[in-house]
Amino acid sequence: MREVAGGAVEQTVEQLVADVFRRACTSREALEHVTGKWSLLALSALAESPHRFGELRRRVEGVSERMLAQSLQTLERDGWVHREVRSAIPPHVEYRLTEDGVALVPHLLALISFVEGRMPAVHAARALADEVRPPR
C-alpha cells in the first residue's frame with residue numbers, strides 16, 4: 001500500500017488478493033472470459049494446434065464470425081491467446097495459445113471431459129425434472 005494525495009491509501013496490483021466471490025475482483029471477469037461457451041471451445045481447439053481464423057471457426061461449429069472474433073480478442077487481451085499476422089501470400093492471421101494458455105487448457109479439458117462423461121445422468125435428471133415441471 002502507498003499513500004497518495006489527500007492521505008488516501010492505494011493498493012498496487014501485486015498487493016490485491018484474488019477472491020472470485022468478491023464483486024470487484026478482477027479474477028471474476030477473467031474467469032468469465034475463459035469459461036464462456038465460445039472462449040472455452042476456442043481455447044480447447046487451440047490446444048490441438050495453432051489455427052487460422054477460418055479453421056477455428058469451422059472447428060467450433062455454430063459460432064458466428066462476430067462472436068469468435070470477440071472471444072479471441074478478449075482471450076488475447078487477457079494473455080491466453082497470441083495473435084500473429086503472417087506475411088505470407090495471401091497474408092493471414094494465426095492464433096495460438098500463450099504459455100499461460102497452455103497451462104490453462106488442461107483444466108478446461110478436464111471440465112469438458114467431466115461434463116461429457118456425466119451426460120447420461122444429466123439427461124436422466126432433465127427427464128425427471130420435466131416430468132415434475134414440463135419445460136416452457
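### Here we look at the pairing of strand β4 (residues 81-86)
For step 1, the next point in the chain: By the bridge criterion, six bridges tie β4 to strand β5 (residues 92-97) in an arrangement that is antiparallel. Residue pairing for β5: Val85 is matched across the bridge by Val93.
For step 2, the next point in the chain: Where β4 folds back on β5, the antiparallel hairpin that results is connected by five residues.

### Overview of the pattern of salt bridges
For step 1, the next point in the chain: All chains considered together, the criterion is met by five salt bridges.
For step 2, the next point in the chain: For the salt bridge of Asp19 with Arg22, the shortest nitrogen-to-oxygen distance reads 3.7 Å.
For step 3, the next point in the chain: Overall, the relative accessible area of 30% leaves Asp19 in the partly exposed class.
For step 4, the next point in the chain: The class for Arg22 is exposed, based on a relative accessible area of 57%.
For step 5, the next point in the chain: For Arg86, the salt bridge identified is with Glu94, shortest N-O distance 2.9 Å.

Calculation notes
Residues numbered from 1 in each chain as written. Predicted model: local features only at pLDDT ≥ 70, side-chain atom pairs only at ≥ 80, totals over all residues. Heavy atoms only, no water. Pairing = 2+ DSSP bridges. Helix = DSSP H or I, 4+ residues; strand = E, 2+ residues; numbered from the N terminus. Salt bridge = Lys/Arg side-chain N within 4 Å of Asp/Glu carboxyl O. Buried < 20%, exposed > 50% of the residue type's maximum accessible area, 1.4 Å probe, protein only.

Interpretation in functional terms is not warranted from these geometric data alone.
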